[in-house]
Every structure is written in structure tokens, then in C-alpha cells.
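# Chain and residue survey
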Amino acid sequence: MLKKYAVFFFIFAVLLAFVTGCTNSEESSNSQVREEGTDNSAKTEKKSITLLYSFASKTIDPHQDFMGVRAGIAETLVKIDQNLEIQPWLAESWQQIDEKTWTFTIRDGVTFHDGTIVDGEAVEASFERVLEVNDAIAANLKIETMEASGQDITFMTTEEYPSFLSELVHTNTSVIKIDVENISEKPIATGAFQVVDFTAEAEIKVEKYDDYWDGPANLDEVTIKFNSDGNVRALALQSGEADIAYHLPPEALAPIESSDNLRVESVSSLRAHFILYNANKPALQDVRVRRALDLLINRPVAVSEIMNGHATSANGPFNRDFAFASDEEPKQYDPVQAEVLLKEAGYERNAEGMFEKGGTVLELTLATYQGRPELPLMAQYLQAEASSLGIKINIVTVENIDSYLWEQQDEWDLVTYSVLTAPRGDGGYFLNVAYLPEGSLNPGQIDIPELNEITKQLNVTADLENRVVLQKNAVDIIQEELPQSFILHPHIIVGVNERVKNWTPGAEEYYLITNQMDVE
């Protein structure tokens, strides 16, 4: 009997041990699952955003393309703040020694993404490279010699150059490490983010650089994608494919504005939308023809109907908030006066009602591009107004507007164009690059001797009041000669998912990705 009980208790003990073992095993397994789940959760909780931008980059070499700074990869010695005032960035301080000499002191603790210390010699090497690979920047900086000592870098310019400091805000003056391969696809710089992968004209993937001198970024990863179609960008934001979508067309804003999860940021910009005339085309060399076309532009209608109010009518190249902008009111729409000017220029209507001169109809080719979706609409608007008056305008839409304008200068007469005219809070940059014959933004081959002389005076004038006077005089000449017809100053229209925090778009369009931006 005892033997039977002993067997029973043995079997019970084995079963109990088995069950307990199973239970402990399950608990252990569940615990492991929970812990693994916790770990997996942590891995999947990386903070990331996707930003959709309008203009594709073929390279992210910071010395060749803006996206190096825009993506948070690279930085310049100085930057501008929201008030367009110059502030320290990689340089903690600077001093103008004399009219041609500037010394900058680099912050302690700044490193490249490979951990290399950034000192004066590293900055000098970076500037030697940009002067070699970027002719436009070399012309703008006017650097004659450089000298590095410890954390200091001293620049000597070829001439008295009051604008040297503001020129260093240009993103192509970024400080990068030069003794590395493949700078065009994987530059090593100093920004809060380092490059993971880049596919030309498609996307950039970056991850935070843990040793960033201003503190590690709140975001772990950022993807920047490119798409030239504004409506596609708007739909991507609504579907959740993108968290931030730049340069949205005004007509696509209604569903975004009505969404609880999305918002629209509309920021007054330093940009001007305008018609650029090709100075090499005989018909447009007559200022009366240019003035006639200018009078066909109804600026209030462009602001209200094309931009849905997200813009300000232009009275010249510079936003009217600047002291150096024109005091005049924008030109009024006046097709009657436009017809008078064309007749003064020798044009008469033919049997079809079209203006012609010497048997040749006034027919023009107007180039435009989709990167800024409002520009093709402005082109169509001008085409319709011109047709009503008796001028034939043929519109061509191109993918890469800058390449087209420079490489095929004989094919176009006028173009809808857009430029940051005062990116550093001063008009000197635009007057140099857009009007001097050798200017890097002068595909229309503008050459107005009186304006050139004022720009050269401006380049050696340090006194702010005198600079304002010179720039206002320059604007008066521009508005009289009309090498361009300025239409409006657009707002920067950006769609943002509400999960994005600590971020608003800046008027300068330089610093899109920062270490401060975050997501919920």
C-alpha cells in the first residue's frame, strides 16, 4: 500500500515539476518576449521624418549644391537668423582687421563626422577647394590669400569688400573635409546629420551625428525626397508619405487646411517671381516693348487668383519691408497704354489683329518650369493677356530651367523666373549676380552701364545709410529700364504634419533640417 502511495506521490511530483517547469518556462518565455518586445519597440521608436522638396539635387557636394546645408549636413562660418541678422555658427567670433582683412575664430569642440577636429587649417583647406571648384563663389568672395593659426583663419580680399561677411552666409561656403573620396555623394562635414545614402535627383537619407557640437539632434533619421510636381507633393503630405512638403501650389491647400493632422505654414519670403527678358533678342532690346509687356501684368490678380493671397505685389526686386526697396507703388495693369507703346515702337496691327513690324509678327517664346507650380500659371496668364492685345506668345516648359537658359540662350525670349533677391538682408548680392555682365544669375545677358557703375560703388561702400541710397538708386534704374518685370514676392508655402514640433520654415530657405526639430 505504501509502495502504491509512494508511486502515486512520485508521479504527482513529476507532473507538478513538469507543470511548474512549463509554467516557469512560459513565464520565462513571456518575460523574454516582453523584453524582446521592449527592445524591438525601442528599435522601432526611432524618431524620423520625411521632407519632400521641389528641386532635385544631382549632387550634395556642399561646395556645389544648397542641399548640404539645407539637409543639416554642412555648416558655414556664419548664418542669418529669423531677423536676417548675421550670427556666429562655426565661427564663434570675427574681427575686421582693416578694409581687406577679416579674422574668424572657430569654436572649440567642432568635429567632422569622422571625428576629426575642425581648426583653422581645416577651414583653410575647405575654402581652397571651394575656390577651385566653384567659379561663382570664387568671384563673389574675392579672396586673395588665407592664413590659419590654431583656431583662427584670416582672409585677405583682393579689394576693399564690405560685403565679405554676408557672402560667407552662402551655403556653398560650407566647411567640409576635403581629403575624402566621393564628396558629391557622401560629404563629411560638421552638421547635426551625416549622410547615410544619396540617390541623385531622388532622395537623401541622413542620420544624426551623436558628437554634434551643438548637441545631438532630437531626430534619429531624416529622409529628403525630391518631386517637381506640386500636386504630388501635396498628396504625399495628405497620405502620410511625407511629414513636410515644400512649395505647395495655393490651389492644393484646401484639404490640408481643413485637416486636423496637418497645417499650412505661409511665410513671407525674400524671393521675387518675375519675367526675365532676353537682352539679345532684337524685339526685346526696345524698352517700349518691355514696358508694354509689363503693363499686361495684373499684379493684384496674380496675388489673389494665382497665389490665393499668399504673396505681395512687387514694385521691384526687393521686398517692400527692406529700407533699400523702391518707395513707388507697383505698376498698374494698363493694356491701352501697352498698345500705345507698341505703336510708338513701330508695330501695327495686321489683318488678323496681331502686331507686326516690317512684315514680321511680334511672336515670343516664353520658358517656364514646374518646380514652382505658380510660374506656369503666370506664364499662361501673360500668354492670354498678350494674345488679347495682339502679341503671340509660345510657352515651353522645361525640366531644368537654369541649364536651359544658359545652354540654349538663342531659343527663348522671356522666362518666368524666381530668385532670392536679398538672401542675406542686403541687395548687393542680387545686383552683382543678376545685372553685372559676368553675373552668375544673368542668363538674359543684361548689361546696363549706369547700373553696373552703381553696383561697383556699392561693393566698396561700408556705411549702411550710403548702401541704402545706392541700392534705391539701382532699383530706380531697374524699374526704368525693365530688364525684368517683377510680379510678386511669394510666400513660402509649406505643408506640415502636426507631429512635427519645434520647427517653422525660415524666410531664407537655407536651414530646413535642424538639431532642434522633433516629432511626437
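Reading the values: rules and limits
- Residues numbered from 1 in each chain as written.
- Predicted model: local features only at pLDDT ≥ 70, side-chain atom pairs only at ≥ 80, totals over all residues.
- Heavy atoms only, no water.
- Helix = DSSP H or I, 4+ residues; strand = E, 2+ residues; numbered from the N terminus.
- Rg over C-alpha atoms; globule rule 2.2 N^0.38 Å.
- Buried < 20%, exposed > 50% of the residue type's maximum accessible area, 1.4 Å probe, protein only.
- Contact = heavy atoms within 4.5 Å.
- Core = buried A, V, L, I, M, F, W, Y, C linked by side-chain atoms within 4.5 Å.
- Salt bridge = Lys/Arg side-chain N within 4 Å of Asp/Glu carboxyl O.
- Pairing = 2+ DSSP bridges.
- Axes fitted to C-alpha atoms, helices over the stretch in contact; angles between N-to-C directions.
- Phe/Tyr/Trp six-rings, centres within 6.5 Å; stacked < 30°, edge-to-face > 60°.
- Left-handed = near helix turned anticlockwise from the far one by under 90°.
- Nonpolar A, V, L, I, M, F, W, Y, C, P; charged D, E, K, R; others polar.
- Arc of directions from axis to C-beta.
- Polar contact = N/O pair within 3.5 Å; in protein donor to acceptor, adjacent residues only side chain to side chain.

## Section: the overall build of the protein
Within the protein, the secondary structure is distributed over 15 helices and 23 strands. Computed over C-alpha atoms, the radius of gyration of the protein comes to 30 Å, more than 25% over the 24 Å expected from 2.2 N^0.38 for 520 residues, which places it beyond the range of a compact globule. Considering only C-alpha atoms, the protein reaches an extent of 130 × 60 × 35 Å along its principal axes. Scored against the burial criterion, the 520 residues of the protein give a buried share of 52%. In the protein, once contacts between residues fewer than 6 apart in sequence are set aside, the share between residues at least 24 apart is 68%.

## Observations concerning the nonpolar core
The biggest cluster of nonpolar side chains holds 142 residues, and the ones touching the most others in it are Leu77, Phe104, Phe127, Ile244 and Ile391. Leaving out residues up to four positions away in the same chain, Ile391 has contacts with Leu293, Leu296, Leu342, Met354, Leu362, Leu364 and Ala386. Membership of the second largest hydrophobic core comes to 12 residues, among which are Ala234, Ala236, Ala242 and Ala252.

## Description of the pattern of salt bridges
Considering all chains together, one arrives at 23 salt bridges under this definition. For the salt bridge of Lys46 with Glu221, the shortest nitrogen-to-oxygen distance reads 3.8 Å. Of the two residues, Lys46 sits in the loop between α1 (2-44) and β1 (48-53) while Glu221 sits in strand β10 (residues 221-226), which places them 175 residues apart along the sequence. For Glu221, a relative accessible area of 32% corresponds to the partly exposed category. The partner of Arg271 in a salt bridge is Glu509, with the nearest N and O atoms 3.1 Å apart. Taken as a pair, Arg271 in strand β13 (residues 271-277) and Glu509 in the loop between β22 (500-501) and β23 (518-519) lie far apart in primary sequence, 238 residues in all.

## A few points about the sheet that holds strand β7 (residues 152-157)
The strand order β4-β5-β7-β6 describes an open sheet built from four strands, whose pairing is antiparallel. Of all the strands in the sheet, just β4 (91-98) and β6 (143-149) have a single pairing partner and so form its edges. Recorded for the sheet is a direction-independent mean angle of 20° between the axes of neighbouring strands. Relative to β7, β6 runs antiparallel, the two sharing six bridges.

## Topic: unusual backbone geometry
Here Lys142, not a glycine, exhibits a phi torsion of approximately 55°, which is positive. Phi at Gln445 takes a positive value of approximately 55°, unusual for a residue other than glycine. On the basis of relative accessibility, which here comes to 28%, the residue Gln445 falls in the partly exposed class.

## A look at the packing of aromatic side chains
Applying the stated rule across the entire model yields 20 aromatic pairs. Pairing Phe322 with Phe324 gives two aromatic rings, centres 4.8 Å apart and planes at 15°, and the pair type is stacked. Here Phe322 matches Phe324 in class, with each residue buried. Between Phe430 and Tyr435, the aromatic rings sit 5.4 Å apart at their centres with planes inclined by 90°, giving edge-to-face as the arrangement. Given a relative accessible area of 1%, Phe430 falls into the buried group. Taking the relative accessible area as the measure of exposure, Tyr435 reaches 0% and is therefore buried. One aromatic cluster in this structure is built from Trp94, Trp102, Phe104, Phe127, Phe155, Tyr161 and Phe164.

## Observations regarding the packing of helix α13 (residues 428-435) against helix α15 (residues 464-481)
Relative orientation of the contacting elements α13 and α15 amounts to 40°, with a least axis distance of 11 Å. Both α13 and α15 take part in a crossing whose hand is left-handed. Across the interface between the two elements, Gly428, Leu431 and Tyr435 from α13 touch Arg467, Gln471, Ala474 and Ile478 from α15. Grouping the constituent residues of the contact of α13 with α15 by class yields four nonpolar, two polar and one charged.

## Here we look at helix α9 (residues 299-306)
Among the residues of α9, those classed as buried are Arg299, Ala302, Val303 and Ile306. Around the axis of α9, the buried residues are gathered within 115° of arc, so they sit on the same side. Elements that come into contact with the buried residues of α9 comprise α8 (287-294), β14 (311-313), α11 (374-389) and β21 (484-497).

## Regarding the side chain of Arg290
Relative to the helices and strands, Arg290 is located in helix α8. Setting aside anything within four residues of it in sequence, one finds Arg290 in contact with Tyr277, Leu284, Gln285, Glu481, Leu482, Pro483 and Ser485.

## Observations regarding the sheet that holds strand β16 (residues 355-357)
With respect to topology, three strands assemble into an open sheet ordered β15-β16-β17, the strand pairing being antiparallel. Pairing within the sheet leaves two strands with one partner each, and these edge strands are β15 (348-349) and β17 (360-361). Of the pairings in the sheet, the one linking β15 to β16 comprises two bridges and is antiparallel in character. Bridged to Arg349 within β16 is Phe355.

## A short note on helix α6 (residues 230-239)
Every buried residue belonging to α6 is among Gly230, Arg233, Ala234, Ala236 and Leu237, and all of these are buried. Projected onto a plane normal to the axis of α6, the buried residues spread over an arc of 160° and lie on a single side. Facing away from the buried side of α6, by more than 90 degrees, are the exposed residues Leu235 and Ser239. Next to the buried residues of α6 lie β1, β11 (244-245), α7 (254-257), β12 (262-268) and β21. Sitting at the amino-terminal end of α6 is Asp229, which places a side-chain oxygen 2.9 Å from the backbone nitrogen of Asn231. Immediately beyond the C-terminal end of α6, within one or two residues, lies Gly240, with a positive phi of roughly 90°.

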